[in-house]
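An overview of the molecular structure
The residues making up each chain are set out below.
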Amino acid sequence: MFQDNPLLAQLKQDIQENLPKKEGTIKATDKGFGFLEVDSKNSFFIPPPYMKKCLHGDKVMAIVRTEKEREVAEPQELLEPSLERFIGRVKMFKDKLNVVPDHPQLKKQSLKARTSKDLNNADFKEGDWVVAHLIRHPLKGDNGFFVEISKKITDADDKIAPWWVTLAKNDLPNSEPMGIDEWSLKDDADLVREDLTDIPFVTIDGASTKDMDDALYAKKNDDGSFDLTIAIADPTAYITPEDNMDRVARERGFTIYLPGRNIPMLPRDLADELCSLMEDEIRPTVCCSVSISADGVIGDDIRFFAANMKSHARLAYENVSDWLETGHCDEWQPTETIAKVVSDLYDFSKARADWRQKNAVVFPDRPDYRFELSDDNDVVAIHADMRRSANRLVEESMITANICAGKALSQHFSTGVFNTHAGFKEEKLAEVVELMAEHGAPNATAENFSTVEGFAALRRWLADQETSYLDNRIRKFQSYSEIANQPLPHFAMGLEVYATWTSPIRKYGDMINHRLLKAMILGKEPVQQPDDTVGEELALHRKHHKMAERNVGDWLYARTLADEPEKGTVYQGEIFDINRAGMRVRLLANGAMAFVPASLILANKQRLECNGDNGTVSVDKEVVFQLGDTLELQLSEVNQENRSIVGKPVQVFADAPEP
């Protein structure tokens, strides 16, 4: 009788318009109710009936009113949906197609679905992985949620799902680009390639590497100095900026490296064959020669030039490291010529590493964790590979080459694709100064820490401390590395300028720098210069690639460690993050990340404090854990559906403080 009364409807509208409104993000719970998170300190309860109109993560405008003596929020307007394009799994409900989003907080949301016109409902079964799009939302006036499936990723039980699903989630390709029938050299008519085929260059890579893009040669002089030449594969000899393949390379940005497999940026027939610096094959390259003093200083005689060269030996990291470190390798015995080249390269690398240790920043040695997979994509083993002598040899060669390119591009064009790092965040600098002064760091001033030299000196001082606590704590105050088209410093490396050009098969930015270096060699205007958007594009590609690598790793770790909670295996772990909810720990044996919730450290909340600002965990106001500590822990839960691992410390704290 009253429901259609226009006066009552108007009254209700007037009341709602006069109620306070709050903008925030929906946080769902497993019990049907939720919260409107307005900021880090304020939230409002959302009863279950209102939660049916929204999804976890939605940004909404809600009215706030008092119901049963409690402030509650009722979402009214959708500002930004948490789901648009998303990954999910098929769920059949009464023979009707539904999709459950692949998100920890949305696992109970079964959304009605249909397929796009080019797909067939009959091709989908329970558990299949799909790409879907939200097309209806209750807060937009629609009658319930509804999604459309645009693509099937893979079957429910396919073991390759971690890779294909992750790539689809990040909208990344899952195969290399198609090649062309015949590649041809497209060098500038004035480009003269020097003949370096008689110089005994060597390549040093992983045993299974096919896209070998750098070859090295060094000669040690009587005064202890070195003449170094780096030859880099030249895909820009075959690809011009106008070619479709250049557009493809830019859209990809980088070769995608995932646990157990990679997705090349360029076609394999180009990357793995025609451009790859294979032993005894003549290849077009861009080269850099430079002298290095006995104490590791890069000379002013940097020269870039084009050349045809030939690798005289295809070497593997492990074999070269064994030979350098022990003088013997069962798998490989070098000729006298190659032995001399490798020895001189090693001596050069030690001189450069020593210089950087004293004058720049050298990152601490940490293992690279590598998944070994079976033919059917099961994890056979997880290896912790330490950087050895041969790895450092190549690393120092590449860093030297990139410093040289940074200097050359800065001087000739004042542009290029530069790797940059701005040091500390400007708004955090005062906190850094206060913290470092408190712990006795020398010359702790904002002026000093704002310079490359001062930042690098602080990093070296931190590396010399007995524990890594301060080093870990201060990292959250640092900026992120960026990609710029202007020569800016790289504080994190302690360098004034740095421009990579040594991996053009794998990085589009390196292809741009190759073209600039060729223009410099020819004395001409560049055929391509980096525009204002290329840095942002490459940075976004790099972000998505890192996310994909981490997501696949999390999936494989959860799959591999699923039975560990029952076994009670004790692991050594390093604490790398602490927040009020607990701490995150990296298992040293395999690199897996485990979350240790506060409740599993000590259930008594009054006695426990997890302080993210200080990077400490305290019991009864006494610090028991801090950033950088290693501890023993066991896995208490491995959730394969959410790809999460929960751990608990072996150390037990008494239920009550001792008298």
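Keep in mind the model is a prediction, meaning the values are calculated, not measured.

Quick look at the packing of helix H6 (residues 317–326) against helix H8 (residues 389–412) now. Two quantities define a packed helix pair, namely the angle between the axes and the distance from one axis to the other. As a packed pair, H6 and H8 sit with axes 7 Å apart at the nearest point and diverge in direction by 105°. If you check the angle between H6 and H8, you find them roughly perpendicular. The segment H6 lies against H8, with Tyr 317, Val 320, Ser 321, Leu 324 and Glu 325 engaging Ser 389, Ala 390, Asn 391, Leu 393 and Val 394. Grouping the amino acids of the contact of H6 with H8 by side-chain chemistry returns 6 nonpolar, 3 polar and 1 charged.

As a further point, take a negative patch on the surface. Together, Asp 222, Asp 223, Asp 227, Asp 300 and Asp 301 line one region of the surface with negative charge. Here Asp 301 falls in the partly exposed class, since its relative accessible area comes to 42%.

A few words now on the environment of Pro 81. Structurally, Pro 81 can be placed in the loop between strand E5 (70–80) and strand E6 (85–93). Its relative accessible area of 19% is what places Pro 81 among the buried residues. Along the chain, Pro 81 and Ala 168 lie 87 residues apart, while their C-alpha atoms are 20 Å from each other.

Where strand E19 (residues 368–373) lies against strand E20 (residues 379–385), 6 bridges are found, and the strand directions are antiparallel. Counted as the bridge partner of Tyr 369 is Ala 384 from E20. Remark: 5 residues form the turn of the hairpin made by E19 and E20, two consecutive strands paired antiparallel; Asn 377 in that turn has positive phi of roughly 70°.

Right, let's get into the UniProt feature "domain: S1 motif" (unreviewed entry) in the protein chain. Sites flagged by UniProt as "domain: S1 motif" (unreviewed entry) map to residues 568–645. With 5% helix and 59% strand, residues 568–645 has end C-alpha atoms that lie 14 Å from one another.

Here the focus is the pattern of salt bridges. For the coordinates displayed, the defined rule picks out 48 salt bridges. Residues Asp 354 and Lys 358 are paired through a salt bridge, measuring 3.1 Å at the closest nitrogen-oxygen approach. A residue pair is termed a helical-turn pair when its members lie 3 or 4 positions apart in one helix, as Asp 354 and Lys 358 do in helix H7 (residues 336–359) at 4 residues. A relative accessible area of 54% places Lys 358 in the exposed class. Several salt bridges converge on common partners, so that one network encompasses Arg 356, Asp 365, Arg 387, Arg 392, Glu 395 and Glu 396.

Residue placement: Phe 201 occurs in strand E12 (residues 201–205). Note: C-alpha distance between Phe 201 and Glu 148 (53 residues apart in sequence) is 56 Å. For Phe 201, the contacting residues outside a window of four places in its chain are Leu 196, Ala 215, Leu 216, Tyr 217, Thr 229, Ala 231, Met 309, Lys 310, Ser 311, His 312 and Ala 313.

Here is what the cut-offs are and how they apply
Residues numbered from 1 in each chain as written. Predicted model: local features only at pLDDT ≥ 70, side-chain atom pairs only at ≥ 80, totals over all residues. Heavy atoms only, no water. Axes fitted to C-alpha atoms, helices over the stretch in contact; angles between N-to-C directions. Helix = DSSP H or I, 4+ residues; strand = E, 2+ residues; numbered from the N terminus. Parallel < 35°, antiparallel > 145°, perpendicular 65-115°, else oblique. Contact = heavy atoms within 4.5 Å. Nonpolar A, V, L, I, M, F, W, Y, C, P; charged D, E, K, R; others polar. Patch = residues over 30% accessible without salt bridge, like charges linked within 9 Å, V, L, I, M, F, W, Y side chains within 5 Å. Areas by Shrake-Rupley, 256 points an atom, 1.4 Å probe, with all protein chains shown as cover. Salt bridge = Lys/Arg side-chain N within 4 Å of Asp/Glu carboxyl O. Lys, Arg positive; Asp, Glu negative; His and termini not counted. Charge placed at Lys NZ, Arg CZ, Asp CG, Glu CD. Buried < 20%, exposed > 50% of the residue type's maximum accessible area, 1.4 Å probe, protein only. Pairing = 2+ DSSP bridges. UniProt positions renumbered as here; feature names shortened; annotations may be inferred.

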